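# Fold and geometry: a report
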Amino acid sequence: MLAPISIGFRALQLLMAAVVVGLSVTLLKGQVVPPTPTTTRYSVFTGAFGMIVAFLGLVCLFISAIPALVPMVLDALAGLLLLAGGIAWAVGLKGVKCDEDHALALYDNGLLNEGCISDGKKGDRPICGVYSGDADDRKAFDRLNARCKYAMSDEIIQFILFAVSAILLLLGFLIMRKGKGGGRGTRGRYV
């Protein structure tokens, strides 16, 4: 009974991890002035790691030779990495909102402004990547707003993936417990 639930959660984990990778790569590719923020690169890593863990978890459902502890440890690790990624975004975004009232905060945020170049004059606002090309104020805000929404989505999905990893870990413990008490060979059929 727990195996179909596990498959559903694994599919959700795989899909959401792919979304994290997609959002992070979109933010990464939009960076005009190097270097890319560490938070963005870390999110690509956490999303890819989440996809690998989800795939291995699905494989473990069908191959009983793999010890149940292996995917459980991977889920615990993935959960911690994803939690750290969500926290990194929350700290890096500094509570900005994706609206015109927070346009200056969006522009000053290093995770969103596509990188900046300072002209060296004290007190002058640096020129950021969102103004590259022929961008005017409206186009620059639209780019910042889109990047803000991508970043917030990345943050939220990583927190949700942390919860999914915790649920999968709980299901793993339940399946292991059932396998030991019921005498059936479900020890390796982890989530």
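Going by an unreviewed UniProt entry, the protein carries the name MARVEL domain-containing protein and comes from Coniochaeta hoffmannii. For the record of the protein, the UniProt heading Subcellular location (unreviewed entry) holds the text "Membrane".

## A short note on the packing of aromatic side chains
Within the structure shown, the criterion is met by 2 aromatic pairs. Residues Tyr42 and Phe45 carry aromatic rings whose centres are separated by 6.0 Å and whose planes lie at 45 degrees to one another, so their mutual orientation is tilted. In this pair, Tyr42 and Phe45 are both assigned in helix α2 (residues 38-62), 3 residues apart and thus about one turn of the helix distant. Each member of the aromatic cluster is reached from another via a ring pair, and the members are Tyr42, Phe45 and Phe49.

## Considerations on the side chain of Asn113
Within the secondary structure layout, Asn113 lies in the loop between α4 (103-108) and β1 (116-117). Judged by relative accessible area, which is 4%, Asn113 ranks as buried. Each residue touching Asn113, except ones within four places of it in the same chain, is listed here: Leu106, Tyr107, Asp108, Cys128, Gly129, Val130 and Leu144.

## Some thoughts on the UniProt feature "transmembrane region" (unreviewed entry) in the protein
Here, the residues flagged by UniProt with the feature "transmembrane region" (unreviewed entry) are residues 12-32, 44-66, 73-92 and 156-176. Secondary structure across residues 12-32 comprises 86% helix and 0% strand; the distance between its end C-alpha atoms is 33 Å.

## A look at the confidence of the model for the protein
Of the residues in the protein, 88% have a pLDDT of 70 or more, and the chain-wide mean is 85. The least confident element of the protein is strand β2 (residues 127-128), whose mean pLDDT is 79; the most confident is helix α3 (residues 69-93), at 94. When the criterion is pLDDT under 50, residues 181-190 qualifies, and its contacts beyond four places in sequence or with other chains add up to 29 contacts.

## What to know about unusual backbone geometry
A cis amide bond links Pro34 with the next residue in sequence, Pro35, at an omega value of 0 degrees. Mapped onto the elements of the fold, Pro35 is located in the loop between α1 (2-29) and α2. We note that Glu114 has phi near 65 degrees; this positive angle belongs to a residue other than glycine.

## Thoughts on the pattern of salt bridges
Oppositely charged side chains may form a pair once their charged atoms are brought near each other. Taken as a whole and judged by the stated rule, the model has 4 salt bridges. We note a salt bridge from Glu100 to Arg138, for which the minimum N-O separation is 3.0 Å. One end of the pair, Glu100, is in the loop between α3 and α4; the other, Arg138, is in helix α5 (residues 137-182), and 38 residues separate them in sequence. Of the residues examined, Arg138 reaches a relative accessible area of 42% and is grouped as partly exposed. Here Asp142 and Arg138 are joined by a salt bridge, their closest N and O atoms 3.0 Å apart. Here Arg138 and Asp142 lie together in helix α5, a separation of 4 residues that amounts to about one turn. By relative accessible area, Asp142 is classed as partly exposed at 39%.

## Things to note about the nonpolar core
Formed by 15 residues in total, the largest nonpolar core has its most connected members in Leu93, Leu106 and Leu112. It is α5 that provides the largest number of residues to this core, a total of 5 residues. The residues contacting Leu106, other than those within four sequence positions of it, are Val96, Lys97, Asp99, Leu112, Asn113, Phe141, Leu144 and Cys148. Counting 7 residues, the second-largest nonpolar core is a separate cluster that includes Met16, Val20, Leu82 and Ile157.

Definitions and limits used
- Residues numbered from 1 in each chain as written.
- Predicted model: local features only at pLDDT ≥ 70, side-chain atom pairs only at ≥ 80, totals over all residues.
- Heavy atoms only, no water.
- UniProt positions renumbered as here; feature names shortened; annotations may be inferred.
- Phe/Tyr/Trp six-rings, centres within 6.5 Å; stacked < 30°, edge-to-face > 60°.
- Helix = DSSP H or I, 4+ residues; strand = E, 2+ residues; numbered from the N terminus.
- Buried < 20%, exposed > 50% of the residue type's maximum accessible area, 1.4 Å probe, protein only.
- Contact = heavy atoms within 4.5 Å.
- pLDDT = per-residue confidence, 0-100.
- Salt bridge = Lys/Arg side-chain N within 4 Å of Asp/Glu carboxyl O.
- Core = buried A, V, L, I, M, F, W, Y, C linked by side-chain atoms within 4.5 Å.

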